[in-house]
Amino acid sequence: GSYALEQWWDVLGGKGAIFPDRIHQFLVSPFAWQELEYALPCFLAALAIAFYLRTQRMRRFSAYAGGAFFAFCGYSFTLVNAGHRGWFVLISYMLFSFGLLNRCFNAGRLFHFAMLGAVIMWGGMEQPDIWMIFLIFNASYALWLSYRSRSKAEMLRTVYPKFLITVAVMLGIGYAS
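These numbers were taken from a predicted model, which means no experiment stands behind them.

### A look at the side chain of Q127
Line of reasoning, step 1. Mapped onto the elements, Q127 comes out in the loop between α7 (110-126) and α8 (131-148).
Line of reasoning, step 2. By relative accessible area, Q127 is classed as buried at 17%.
Line of reasoning, step 3. Of the polar contacts made by the side chain of Q127, one reaches the side chain of D129; its length is 2.9 Å.
Line of reasoning, step 4. Contact partners of Q127, with chain neighbours within four places excluded, come to G86, W87 and L90.

### Observations regarding the state of the cysteines
Line of reasoning, step 1. Summed over the entire model, instances satisfying the criterion amount to 0 disulfides.
Line of reasoning, step 2. Counting only cysteine sulfurs, C73 is the nearest neighbor of C42, a cysteine outside any disulfide, at a range of 9.2 Å.
Line of reasoning, step 3. On the basis of relative accessibility, which here comes to 7%, the residue C42 falls in the buried class.

### A few points about helix α3 (residues 39-55)
Line of reasoning, step 1. For α3, which comprises 17 residues, the first-to-last C-alpha distance of 25 Å matches the rise-based estimate of 24 Å (1.5 Å per residue) to within 8%.
Line of reasoning, step 2. All buried positions along α3 are accounted for by P41, C42, L44, A45, A46, A48, I49, A50, Y52, L53 and T55.
Line of reasoning, step 3. Directly after α3, the chain includes R57, whose backbone phi takes a positive value near 70°.

### Here's the deal with the packing of helix α6 (residues 85-106) against α7
Line of reasoning, step 1. The geometry of α6 relative to α7 is characterised by a closest axis approach of 9 Å and an angle of 165° between their N-to-C directions. Considered as vectors, α6 and α7 are oriented roughly antiparallel to each other. As for how α6 packs across α7, the hand of that crossing is left-handed. For the pair α6 and α7, contact is made by R85, G86, V89, L90, Y93, F96, S97, L100, L101, R103 and C104 and by H112, F113, M115, L116, V119, W122, G123 and E126, respectively.
Line of reasoning, step 2. Grouping the constituent residues of the contact of α6 with α7 by class yields 12 nonpolar, 4 polar and 3 charged.

### Brief notes about a nonpolar patch on the surface
Line of reasoning, step 1. A cluster of nonpolar side chains, F43, L47 and Y64, forms an exposed patch at the surface whose accessible area comes to about 310 Å².
Line of reasoning, step 2. If you trace the backbone, Y64 turns up in helix α4 (residues 60-71).

### Regarding the packing of aromatic side chains
Line of reasoning, step 1. Under the criterion given, the structure shown has 10 aromatic pairs.
Line of reasoning, step 2. Aromatic pair F51 and F96: ring centres 6.0 Å apart, planes at 45°, arrangement tilted. Remark: F96 occurs in helix α6 and F51 occurs in helix α3; sequence separation between them is 45 residues.
Line of reasoning, step 3. Residue classification places F96 among the buried positions, given a relative accessible area of 17%.
Line of reasoning, step 4. With a centroid separation of 6.0 Å and 15° between ring planes, the pair formed by Y141 and W144 is classed as stacked. Highlighted residues: Y141 and W144, both in helix α8, separated by 3 residues, approximately one helical turn.
Line of reasoning, step 5. An aromatic cluster is defined as three or more aromatic residues linked by ring pairs; in this entry it consists of Y52, F98, Y141 and W144.

Analysis parameters
- Residues numbered from 1 in each chain as written.
- Predicted model: local features only at pLDDT ≥ 70, side-chain atom pairs only at ≥ 80, totals over all residues.
- Heavy atoms only, no water.
- Helix = DSSP H or I, 4+ residues; strand = E, 2+ residues; numbered from the N terminus.
- Buried < 20%, exposed > 50% of the residue type's maximum accessible area, 1.4 Å probe, protein only.
- Polar contact = N/O pair within 3.5 Å; in protein donor to acceptor, adjacent residues only side chain to side chain.
- Contact = heavy atoms within 4.5 Å.
- Disulfide = S-S within 2.5 Å.
- Expected span 1.5 Å × (residues − 1).
- Axes fitted to C-alpha atoms, helices over the stretch in contact; angles between N-to-C directions.
- Parallel < 35°, antiparallel > 145°, perpendicular 65-115°, else oblique.
- Left-handed = near helix turned anticlockwise from the far one by under 90°.
- Nonpolar A, V, L, I, M, F, W, Y, C, P; charged D, E, K, R; others polar.
- Patch = residues over 30% accessible without salt bridge, like charges linked within 9 Å, V, L, I, M, F, W, Y side chains within 5 Å.
- Areas by Shrake-Rupley, 256 points an atom, 1.4 Å probe, with all protein chains shown as cover.
- Salt bridge = Lys/Arg side-chain N within 4 Å of Asp/Glu carboxyl O.
- Phe/Tyr/Trp six-rings, centres within 6.5 Å; stacked < 30°, edge-to-face > 60°.

See the structure below:
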């Protein structure tokens, strides 16, 4: 109802931001989205695991089963029930970022670099107190992917300059929020 419309006006007026795990707040009233407050992050966690596992060349069924097992495992629901929704959502963003890093190093599409910047910033805004650890994990994983690659000189020439797109998206989202 009117609450969702107010949320949209805040975003359009520059007073708010849209996060994938909070999209339900823009669609329905607070009474309805309270039901989705933890269901949507569980769904995002399942998708994040499935996406990452697909970048590791796992079959679809195995990847989606792994995502479902993670989303519904005891650790995930312990975090949710203890009120640590932000940590649970940050884990989802971190897993998406690992999958996107794999795509950046293997496919090299500009879309993957842009989405990596978005995912990193969305995670930082969801749980800023441990965001630096999230960045360290991403940097370590990127270094490991670089080390693992066959052609390090080509990677420095073709892949690393595209990370400027990641930084630009991070700055854009950070400034807008």
